[in-house]
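What follows is each chain in one-letter form.
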Amino acid sequence: MFRIANASPDVDVPADAALRTLLVGALFLGAVSLLSFPGLRTGATAVGWPPLWLIGMPAVAWLTLFLRRLPRRRKLASSAVLRRRRPGLAQAQRRPVSRRRGRISVRAALIAAGLLPLLR
């Protein structure tokens, strides 16, 4: 990880250059074969959808190789910076919960549930 963080994006590793050339070549050959042979554009094969394998997969591999070389953040922000609050704002506080004023009687609960006939 230390070597990757200090490497400049302009310096090219020989293995990456060879792999990039191979992937671009595979992408080019896949595009030419799809344009040349109309039968490859159909989905009736045993190995799957040919445009995916001839164009999609080399393109994704090439993009992954490119994105892997992007510069990374050198160091993380400290936790004190992340926890810093804006000045002048107080900490939020909970409001007290208002309690019910009256309790329902047992008799009223039984009447509401239909277990006791209404007495008038």
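As a starting point, this report considers the structure included with it. (Residues numbered from 1 in each chain as written. Predicted model: local features only at pLDDT ≥ 70, side-chain atom pairs only at ≥ 80, totals over all residues. Heavy atoms only, no water.)

## A closer look at the overall build of the chain
Helices and strands together make up the secondary structure of the chain, namely 5 helices and 0 strands. From first element to last, N terminus to C terminus, the chain shows the α and β order α-α-α-α-α. In the chain, buried positions account for 8% of the 120 residues. Here the chain displays about 11500 Å² of accessible surface, and carbon together with sulfur accounts for 65% of that area. (Helix = DSSP H or I, 4+ residues; strand = E, 2+ residues; numbered from the N terminus. Buried < 20%, exposed > 50% of the residue type's maximum accessible area, 1.4 Å probe, protein only. Areas by Shrake-Rupley, 256 points an atom, 1.4 Å probe, with all protein chains shown as cover.)

## Overview of the side chain of Ser 33
Locating Ser 33 in the fold gives a position in helix H2 (residues 14-36). Note on Ser 33: relative accessible area 17%, which makes it buried. In this view, Ser 33 contacts Leu 40 and Leu 54; residues no more than four positions away in its chain are not counted. (Contact = heavy atoms within 4.5 Å.)

## Structural notes on a nonpolar patch on the surface
On the surface, a cluster of nonpolar side chains totalling about 430 Å² of accessible area is made up of Trp 49, Leu 52, Trp 53 and Met 57. Summarising the element assignment, Leu 52 is placed in helix H3 (residues 50-68). Exposure remark for Leu 52: the relative accessible area of 34% places this residue in the partly exposed category. (Patch = residues over 30% accessible without salt bridge, like charges linked within 9 Å, V, L, I, M, F, W, Y side chains within 5 Å. Salt bridge = Lys/Arg side-chain N within 4 Å of Asp/Glu carboxyl O.)

## Some remarks on the pattern of salt bridges
Side-chain pairs of opposite charge can arise where the charged atoms are in close proximity. In the structure shown here, the tally under the stated rule is 1 salt bridge. Asp 16 is the salt-bridge partner of Arg 68, the closest N and O atoms lying 2.8 Å from each other. Taken together, the residues Arg 68 in helix H3 and Asp 16 in helix H2 connect sequence positions 52 residues apart. For Arg 68, a relative accessible area of 41% puts it in the partly exposed group. Residue Asp 16 is classed as buried on the basis of its relative accessible area, which comes to 12%.

## Re H3
Given a rise of 1.5 Å per residue, 19 residues ought to cover 27 Å, and the 26 Å separating the end C-alpha atoms of H3 matches this to within 8%. The principal kink in H3, of about 35°, is found at Gly 56, preceding the proline Pro 58 by one to four residues. (Expected span 1.5 Å × (residues − 1). Bend = angle between axes of the 7 residues up to and from the residue.)

## Considerations on the environment of Gly 56
By the element assignment, Gly 56 lies in helix H3. According to the relative accessible area criterion, Gly 56 is partly exposed, its value standing at 23%. Separated by 26 residues in the primary sequence, Gly 56 and Gly 30 have C-alpha atoms spaced 9.2 Å apart.

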